[in-house]
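Architecture and fold: a report
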Amino acid sequence: QVQLVESGGGSVQPGGSLRLSCRYTSSMKCMGWFHQAAGMEREEVATINTGGGSTYYASSAWGRFTISQDKAKNTVDLQLNNLKAEDTGMYYCAAYSGSCGRWKSRDSTYWGQGTQVTVSL
């Protein structure tokens with residue numbers, strides 16, 4: 001059983017930054033962050049292979065978001081820079097057994113409770 005606890009959400013203006021942190025009890029092959037805007041499906045934003053360290057970023061996240069893992073602290077963080085209104089939504093920490101960037105609903109997946117990010121003037 002993997003337990004995930006997120007922190008670090010909040011409200012910022014466009015162009016601002018936030019840092020999300022996910023503390024986990026044990027790791028899986030791929031861990032990272034999903035974004036779910038209101039009325040939309042959950043989408044994989046940034047994930048990291050906990051073995052080799054390779055990362056996946058959605059095209060919307062390239063150049064703005066950075067994922068990192070601290071194995072000593074059991075955390076996976078997501079630095080969000082140059083935030084845009086369309087980044088608004090719930091961000092969920094996830095741990096799953098598949099390959100990063102190729103999440104499928106049938107993958108064995110654990111989810112955190114989510115943290116809200118709001119980007120507005």
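Residues numbered from 1 in each chain as written. Predicted model: local features only at pLDDT ≥ 70, side-chain atom pairs only at ≥ 80, totals over all residues. Heavy atoms only, no water.

1. A few points about the state of the cysteines
Test applied: Cysteine sulfur atoms that pair up within 2.5 Å are treated as a disulfide. Only DSSP runs of H or I with at least four residues qualify as helices, and only runs of E with at least two residues qualify as strands; both kinds are numbered from the N terminus onward. Here the term buried applies to any residue with accessible area under 20% of the maximum for its type, exposed to any over 50%, and partly exposed to those in between, with areas from a 1.4 Å probe on protein chains only.
Scanning the model with the defined rule gives two disulfides in all. Put simply, C22 and C93 are joined by a disulfide, and their sulfur atoms are 2.0 Å apart. Measuring the twist about the S-S bond at about -80 degrees, one finds the C22-C93 disulfide to be left-handed. Of this pair, C22 sits in strand β3 (residues 18-24) while C93 sits in strand β9 (residues 89-96), placing them 71 residues apart in sequence. Judged by its relative accessible area of 0%, C22 falls in the buried class. Note that C30 is cross-linked by a disulfide to C100, the S-S spacing being 2.0 Å. Its S-S torsion of approximately 125 degrees makes the covalent link between C30 and C100 right-handed. Residue C30 is located in strand β4 (residues 30-36), and its partner C100 is located in the loop between β9 and β10 (109-111); the two are separated by 70 residues in the primary sequence. Taken as a pair, C30 and C100 share a single burial class, namely buried. In the protein chain, the bonded cysteines, numbered by position in the sequence, are linked as 1-3, 2-4.

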